[in-house]
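What follows is each chain in one-letter form.
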Amino acid sequence: MRQAMAEAEVGDDVMGEDPTVNELQRISADMFGMEAALFVPTGTMSNLIAVMVHCRERDDEMIVGDVSHIHIYEQGGSAQLAGVHANTGGRVLPLTFLQEVRALADRYGLSVHMDGARVMNAAVAQGVHPQTILQHTHTVSVCLSKGLGAPVGTMLAGPKDFIARALRCRKALGGGMRQAGVLAAAGKVSLLDMVGRLEEDHRNARTFAQALLDFDPLFAVDMATVETNILRFYLKEPGLSPAEFCARMVQVGEGEEVALGQGVQVLILRDRVRRNMSAVQLLRVLVHVRISAAAEDFLLQVEKGGGKAQVPVMSPPGRAR
């Protein structure tokens, strides 16, 4: 990716003159089965633009899942900046449910936007092409900087007239960039070269989940829910809070570097959606491209040695995380 960024041909993307951005947008539209696509700095901005284009009048309403990213994590931007009220509903997961949602939307003349930040992971997990999922949506936001490993960027895709309006909204929100080809070049690599290796992340997540189960009775994991690179697990020790557990995992234990050959810091997230449910103590791990099979082998060594479960993340030289 860094080589592609260094060699990228660039132009003024605000004026539509950056050839690398334009090519990335063509690749994305074709891959997603949409008429057009727009390169946007972040997923939060991409979702907000979609809301602004779909809901053009202040006080319009949208229906979202009760734990959707737009509703929980994006600072209420749709209400603050677009004046759009969010009515919460259920989660959209199976393809059959997507079909039902699209049919219902069509019946009432509604548009369906998918926050598809990890739609590529979902496609790989189900063994289908992304278009199989996205055919049931009008527009989609696909993140390049999560499982696909780009340093920045999200693709917003949909009909040509939608993207034309989205372009103006992007400018209004400060998302217009000049020589953005240096970023788009990384996005091209992520879409063309990184999708095929997502199964490795999924496999590593399952390995990690199994290792946690072997530490019974400290952890509880529902293996049936480990379908992609996201793993949620529970602490069954009532005297150990999620915050304390995460703090301990960041620390390098005494003698660890000598015994294992390296010190390991493990970064684990508390699930902010359910942090008020203290009895559940839910935590979340995301396995990504910089965690290799060797890292999983190292995890098993820690387990067999009776140490605490740790997953080393391949970091810059001199620091394992």
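Note on numbering: residues in each chain are counted from 1, in written sequence order. Predicted model: local features are reported for residues with pLDDT of at least 70 only, side-chain atom pairs are reported and counted for 80 or more only, and whole-chain, interface and lining totals are derived from all residues. Note that water and hydrogens are dropped before the side-chain values are worked out from all heavy atoms of the structure.

## Notes on the overall build of the chain
At step 1: Within the chain one finds 14 helices and 10 strands.
At step 2: For the exposure calls, accessible area comes from a 1.4 Å probe over protein chains only, and a residue counts as buried if that area is under 20% of its type's maximum, exposed if over 50%, partly exposed in between. The buried share of the chain, taken over its 321 residues, is 45%.
At step 3: Throughout, a residue-residue contact means that at least one pair of heavy atoms, one from each residue, lies within 4.5 Å. Taking contacts inside the chain between residues at least 6 apart in sequence as the whole, the part at least 24 apart equals 66%.
At step 4: A total accessible area of about 16400 Å² is found for the chain, and carbon and sulfur atoms account for 51% of it. Strands here are runs of E lasting at least two residues and helices are runs of H or I lasting at least four, both read from the DSSP assignment and numbered beginning at the N terminus. Using a 1.4 Å probe, accessible areas were evaluated by the Shrake-Rupley method; residue-level cover was limited to the displayed protein chains.

## A short note on the sheet that holds strand β7 (residues 219-220)
At step 1: Here, strands pair whenever DSSP counts at least two bridges between them. Read from one edge to the other, the open sheet built from 4 strands follows the order β7-β8-β10-β9, with strand pairing classed as antiparallel. Each edge of the open sheet is held by one strand with a lone partner, namely β7 and β9 (269-270).
At step 2: Of the strand pairs in this sheet, β9 and strand β10 (residues 282-286) are connected by 2 bridges, and their pairing is antiparallel. Counterpart to L269 in the pairing with β10 is R284.
At step 3: To obtain each axis, a line is fitted to C-alpha atoms, and for helices this fit is confined to the stretch in contact; angles are then taken between N-to-C directions over 0 to 180 degrees. Lying on the sheet, helix α11 (residues 198-213) is in contact with β7, β8 (230-235) and β10; it crosses β8 at an angle near 10 degrees.

## Here we look at the nonpolar core
At step 1: The biggest cluster of nonpolar side chains holds 31 residues, and the ones touching the most others in it are F32, F39, M120 and L191.
At step 2: For this core, the secondary-structure elements that each account for two or more residues are α2 (19-32), β1 (36-40), α7 (119-126), α8 (130-134), β5 (139-143), β6 (154-158) and α10 (181-193).
At step 3: Broken down by element, the residue count for this core peaks at 6 residues, all from α2.
At step 4: Among buried residues, those of type Ala, Val, Leu, Ile, Met, Phe, Trp, Tyr and Cys that are joined through side-chain atoms within 4.5 Å constitute a nonpolar core. L231, L235, C246 and V264 belong to the second largest nonpolar core, which has 22 residues in total.

## Side note on the layout of surface pockets
Which parts of space are left empty comes out when a probe the size of a water molecule is rolled across the atoms.
At step 1: In this analysis a 1.4 Å probe is tested at points of a 1 Å grid over the protein atoms alone, and where it fits but cannot get out there is a cavity; an open set with protein on both sides within 12 Å along at least five of seven lines is a pocket; lining residues have an atom within 4 Å of a point. Grid points are joined across faces, edges and corners, and a volume is the space filled by probe spheres set on the points. Computed from the structure, the second largest pocket encloses a volume of approximately 180 Å³.
At step 2: Taken together, D13, V14, M15, G16, N22, Q25, A37, L38, I163, A164, L167 and R170 make up the full set of residues lining the second largest pocket.
At step 3: Going through the elements one at a time, α2, β1 and α9 (160-172) are the ones with two or more residues in the lining of the second largest pocket.
At step 4: If one sorts the elements of the lining of the second largest pocket by residue count, α9 sits on top with 4 residues.
At step 5: Under this grouping Gly is polar, as are all residues other than the nonpolar Ala, Val, Leu, Ile, Met, Phe, Trp, Tyr, Cys and Pro and the charged Asp, Glu, Lys and Arg. Class assignment for the residues of the lining of the second largest pocket results in 7 nonpolar, 3 polar and 2 charged.

## So, the pattern of salt bridges
At step 1: Salt bridge, as used here, is a side-chain nitrogen of Lys or Arg placed within 4 Å of a carboxyl oxygen of Asp or Glu. Tallying each qualifying case throughout the model produces 8 salt bridges.
At step 2: Between D106 and R102 there is a salt bridge, with its nearest N and O atoms 3.0 Å apart. With D106 and R102 both in helix α6 (residues 95-108) and 4 residues apart, this pair spans about one turn of that helix.
At step 3: Overall, D106 belongs to the partly exposed group, its relative accessible area being 45%.
At step 4: Residue R102 is classed as buried on the basis of its relative accessible area, which comes to 19%.
At step 5: When the shortest N-O distance is used, the salt bridge between E244 and R248 registers 2.7 Å.

## Considerations on the packing of aromatic side chains
The description of an aromatic ring pair rests on the distance of the ring centres and on the angle between the ring planes.
At step 1: Any two of the Phe, Tyr and Trp rings considered here, Trp counted by its six-membered ring, make a pair once their centres fall within 6.5 Å; the pair's planes then place it as stacked at under 30 degrees, edge-to-face at over 60, or tilted in between. On inspection of all chains with the given rule, the structure shows 3 aromatic pairs.
At step 2: Aromatic side chains F219 and F245 sit 5.7 Å apart centroid to centroid with 70 degrees between the ring planes, which places their arrangement in the edge-to-face category. Here F219, found in strand β7, pairs with F245, found in helix α12 (residues 242-250); they are 26 residues apart in sequence, far enough to count as distant.
At step 3: Owing to a relative accessible area of 3%, F219 belongs among the buried residues under this scheme.
At step 4: Between the aromatic rings of F233 and F245, the centroid separation amounts to 6.3 Å while the plane-to-plane angle is 80 degrees, which identifies the pairing as edge-to-face. Taken together, the residues span a long stretch of sequence, with F233 in strand β8 and F245 in helix α12 at a distance of 12 residues. Each member of the pair, F233 together with F245, is buried.
At step 5: Ring pairs connect the aromatic residues F219, F233 and F245, which therefore count as one cluster.

## As for the confidence of the model for the chain
At step 1: Looking at the chain, the pLDDT average stands at 81 and 78% of residues meet or exceed 70.
At step 2: What pLDDT reports is the predictor's confidence in each residue, on a scale of 0 through 100. The model gives residues 274-279 a pLDDT under 50, and that stretch makes 1 contact with residues more than four places away or in other chains.

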